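So the chains spell out like this:
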Amino acid sequence: MTQQDIRSPAAPAPVVLTAVEPGPARRPLISYVLPVYNEQDGIAAFHAELTAALAGRPDLDVQLVYVNDGSTDGSLPILKDLADHDPRVRVVDFARNFGHQIAITAGLDHAEGDAVIVMDTDLQDPPKVSLELVDAWREGADIVHARRRSRQDSAFKRATAHAYYRVLRASTDVDIPLDTGDFRLLDRKVADELRRYRERSRFVRGIVASMGYRQREVSFDRDERFAGETKYPLRKMARLAVDGVTSFSTAPLKMITRLGFGVLALSLAGIVYALAMKFFRPEITVSGWTMLMCVVLFLGGTQMLSLGVIGAYIGRIYSEAQGRPLYLVREVLGTAADGDERGGDGDR
């Protein structure tokens, strides 16, 4: 090898560093999921108050997802008008009424924000409080619950609600926050995980509580309804309570077992008493049907109650095994409605 064959490696070109001007920080997008069922008298007032509260937060971008849960009044035309005049509004119109919890699910399927706030449109949940949830989220919380410090309801409603939350918490295997409805904020990753839960008998507040993550509470004073009637009368509250217990606990089945042992103990005691009276006090033993009827009725009632509880669990199994869609959407109106692929498997 000659000296001419030896080549020195080429020196690397010098790196020139240029200053890059920092661009403006992207504003977080907050999606509001707003179920609507027969709220024609209050939707416009709610939308005006919500937009007024949001006007004071120019640091946020907003998406408003109204879910029309098969309203039979004039709610849908009002929502369409809102979508026509406010580009932030999207309207998901159900083919029929599927229920409040399913409406929340559909809203989550269509929400695109970095955080999602679920709240009702009856103005009992003040829109200004939703901004406090956003502040708690920006401080690091993944889930922010809005806890009711006080509520403007009848004494009966307050008493039953107070008992409901505490019995529910004691009956389930999940630490469900007290005095909290569905008014809460979810971080994007939490909302995406929640969208994977597709059971039909849904209890959203219990599902969220069971997910973990970093959770916080913001207390607020709940106002009166602006207009209309409550969409959760006692009958629906009872059904929601059953869904909550059967979704997150086998306590009713365990209660049947305990009741069975109790009935067995009473039956054995009755048998011992009857035998003792037969052999030791035969002169006062009277043949009759009173004791027999009491025993038969008591055992029959216990058996029917037990079958009812078991039937509730079997009914849930039957509904899940059918594999039907959670909801059907008639149309989606508003910005980015066309070609939206975020519906998950709920609207298929």
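All of the points below concern the structure found in this document. The structure presented is a predicted model; accordingly, all values stated were derived computationally and were not measured. (Residues numbered from 1 in each chain as written. Predicted model: local features only at pLDDT ≥ 70, side-chain atom pairs only at ≥ 80, totals over all residues. Heavy atoms only, no water.)

Re the pattern of salt bridges
Item 1. Overall, the coordinates contain 16 salt bridges when judged by the stated rule.
Item 2. In this structure, the salt-bridge partner of Arg88 is Asp86, at a minimum N-O distance of 3.1 Å.
Item 3. With a relative accessible area of 30%, Arg88 lands in the partly exposed category.
Item 4. Of the residues examined, Asp86 reaches a relative accessible area of 9% and is grouped as buried. (Salt bridge = Lys/Arg side-chain N within 4 Å of Asp/Glu carboxyl O. Buried < 20%, exposed > 50% of the residue type's maximum accessible area, 1.4 Å probe, protein only.)

Re the pairing of strand 2 (residues 61-68)
Within a regular strand, side chains alternate between the sheet's two faces.
Item 1. The element strand 2 is largely enclosed, with a buried count of 7 among its 8 residues.
Item 2. Across 8 bridges, the pairing between strand 1 (residues 29-36) and strand 2 is parallel. Its bridge partner lying in strand 2, Leu29 is registered against Asp61.
Item 3. In the classification by handedness, the crossover that spans strand 1, the intervening helix 1 (residues 43-55) and the parallel strand 2 is right-handed.
Item 4. By the bridge criterion, 5 bridges tie strand 2 to strand 3 (residues 89-94) in an arrangement that is parallel. (Helix = DSSP H or I, 4+ residues; strand = E, 2+ residues; numbered from the N terminus. Pairing = 2+ DSSP bridges. Right-handed = clockwise from strand over helix to strand, strands pointing away.)

Quick notes on helix 3 (residues 100-110)
Item 1. Counting buried positions over the 11 residues of helix 3 gives 11, a clear majority of the element.
Item 2. Turning to helix 3, its buried residues number three or more, namely His100, Gln101, Ile102, Ala103, Ile104, Thr105, Ala106, Gly107, Leu108, Asp109 and His110.

Re unusual backbone geometry
Item 1. You will see that Leu123, though not glycine, has its phi angle at about 70°, which is positive.
Item 2. Mapped onto the elements of the fold, Leu123 is located in the loop between strand 4 (115-118) and helix 4 (127-138).
Item 3. The class for Leu123 is buried, based on a relative accessible area of 8%.
Item 4. At Tyr213, a residue that is not glycine, the phi angle is positive and equals roughly 65°.
Item 5. Residue classification places Tyr213 among the partly exposed residues on the basis of a relative accessible area of 39%.

Brief notes about the nonpolar core
Item 1. Among the nonpolar cores identified, the biggest contains 36 residues, and Tyr32, Leu64 and Tyr66 are the most heavily contacted of them.
Item 2. The element that contributes the greatest number of residues to this core is helix 4, accounting for 6 residues.
Item 3. Discounting residues that sit within four places of it in the chain, Tyr66 has contacts with Leu34, Val36, Phe46, His47, Leu79, Leu82, Val89, Arg90, Val91, Val92 and Thr121.
Item 4. The next biggest cluster of nonpolar side chains, apart from the first, holds 15 residues, and it includes Ile143, Val190, Ile207 and Val208. (Core = buried A, V, L, I, M, F, W, Y, C linked by side-chain atoms within 4.5 Å. Contact = heavy atoms within 4.5 Å.)

Distances and angles like these do not, on their own, reveal function.
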